[in-house]
Amino acid sequence: MTSNKLKKIPPDPLFSRIPVYAKSKGSPLSSLVLSFGGNPLHCNCELVWLRRLTREDDLETCASPPELMGKYFWSIKEEEFVCEPPMITHRTPKLTVTEGQSISLKCKAVGDPDPYVRWISPDGKLVSNTSRTISYENGTLDILVTSLTDKGTFTCIASNAAGESTAPVELLVTPYPNLANSTNCDKDTEPGPSDILISAKSSFPNETKAQQEKVVVVAELTSSSALIQWPSQHHLPGIRMYQIQYNSSADDILVYR
């Protein structure tokens, strides 16, 4: 394993079944001889097992941390191979989001070795990568489509070989207004895949008058489509896009276009 740009060498389960030595002379034939010189070793608590091997020479050195840089690996005492427990340096403050929107929760931590960050949902379950949630190695959790079940306290857990640290992130999810499948509204019994039940194009009485009175109107309606019209809003500054939300009262997730 010499000269492979290795910063650390994890204790492979093989090493627990076969005697391991760091020298070739005098080693039993049934043993495993490990050569690892020429690597930029990061000498922390993860390499204590390696320090305990029987050595042959003093050629291996440490490249980091700074206080051990350049020192011969075998001359360093075991108690100097230390790790630093995680410390969370930044986390997302309390957030409020509307049901159906996307949100990013962030959690940054430092430690030696670099902490591994994972998230626990308000219901106490580990958040995994799905079509709706993505957990990144840098500690960011993306929820692509929020639901009312996401309301509560998420827990960020940063862990490494020296321990772990936790931090809460509270998320408030407000129901989408006038939503047919909101818990504040009564659902029709078994509405089926669509709440639009008119099977043919229809025109309504006084449609022209209604269009004049309403800003947004449905001009044509079928069982599977709707023509929506509204006047130009160029006189209103700041408008960059329009968003249409549609759903059935049987839908679990809002759909936006």
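Preceding block: the structure.
Residues numbered from 1 in each chain as written. Predicted model: local features only at pLDDT ≥ 70, side-chain atom pairs only at ≥ 80, totals over all residues. Heavy atoms only, no water.

S.K.: Give me the sheet that holds strand β12 (residues 152-160): which residues, what numbers.
M.R.: Backbone-to-backbone hydrogen bonds join strands into a sheet, with any given pair of strands oriented parallel or antiparallel. Read from one edge to the other, the open sheet built from four strands follows the order β6-β13-β12-β9, with strand pairing classed as mixed. Of all strands in the sheet, those with a lone pairing partner are β6 (95-98) and β9 (116-120), marking the two edges. Between one strand and the next, the sheet's axes are offset by a mean angle of 30°, whatever the strand orientation. The sheet contact formed by β6 and strand β13 (residues 163-174) spans four bridges and is parallel. Each bridged residue has a counterpart across the sheet, and for Leu95 the counterpart in β13 is Leu171. (Pairing = 2+ DSSP bridges. Helix = DSSP H or I, 4+ residues; strand = E, 2+ residues; numbered from the N terminus. Axes fitted to C-alpha atoms, helices over the stretch in contact; angles between N-to-C directions.)

S.K.: Requested: an account of a negative patch on the surface, with residues and values cited.
M.R.: The grouping of Glu67, Glu79, Glu80 and Glu84 at the surface amounts to a negative patch. One can find Glu80 in the loop between β4 (62-64) and β5 (84-91). (Patch = residues over 30% accessible without salt bridge, like charges linked within 9 Å, V, L, I, M, F, W, Y side chains within 5 Å. Areas by Shrake-Rupley, 256 points an atom, 1.4 Å probe, with all protein chains shown as cover. Salt bridge = Lys/Arg side-chain N within 4 Å of Asp/Glu carboxyl O. Lys, Arg positive; Asp, Glu negative; His and termini not counted. Charge placed at Lys NZ, Arg CZ, Asp CG, Glu CD.)

S.K.: Residue-level account of the sheet that holds strand β11 (residues 141-143), with values.
M.R.: The strand order across the open sheet formed by three strands is β7-β11-β10, and the pairing between neighbours is antiparallel. Looking at the sheet topology across the chains shown, the edges are occupied by β7 (103-105) and β10 (133-135). Within the sheet, the average angular offset between the axes of one strand and its neighbour, ignoring direction, is 15°. The pairing of β7 with β11 spans three bridges and is antiparallel. Bridging from a neighbouring strand, Leu105 pairs with Leu141 of β11.

S.K.: I'd love a proper account of the state of the cysteines, names of residues and values included.
M.R.: One way to say it: the disulfide is the covalent bond shared by the sulfur atoms of two cysteines. All chains considered together, the criterion is met by three disulfides. Sulfur-sulfur distance for the disulfide between Cys43 and Cys62 comes to 1.9 Å. Since a negative S-S torsion denotes a left-handed disulfide, the Cys43-Cys62 link at about -95° is left-handed. Of this pair, Cys43 sits in the loop between β3 (41-42) and α1 (48-51) while Cys62 sits in strand β4, and the two are 19 residues apart along the sequence. For the pair shown, Cys43 and Cys62 are each scored as buried. The disulfide partner of Cys45 is Cys83, and the S-S distance across this bridge is 1.9 Å. Here the S-S torsion is close to -95°, and the disulfide linking Cys45 with Cys83 is therefore left-handed. Residue Cys45 is found in the loop between β3 and α1, and its partner Cys83 is found in the loop between β4 and β5; the two are separated by 38 residues along the sequence. Among the residues examined, Cys83 registers a relative accessible area of 16% and is labelled buried. (Disulfide = S-S within 2.5 Å. Buried < 20%, exposed > 50% of the residue type's maximum accessible area, 1.4 Å probe, protein only.)

Just geometry here; none of it tells us what the structure is for.
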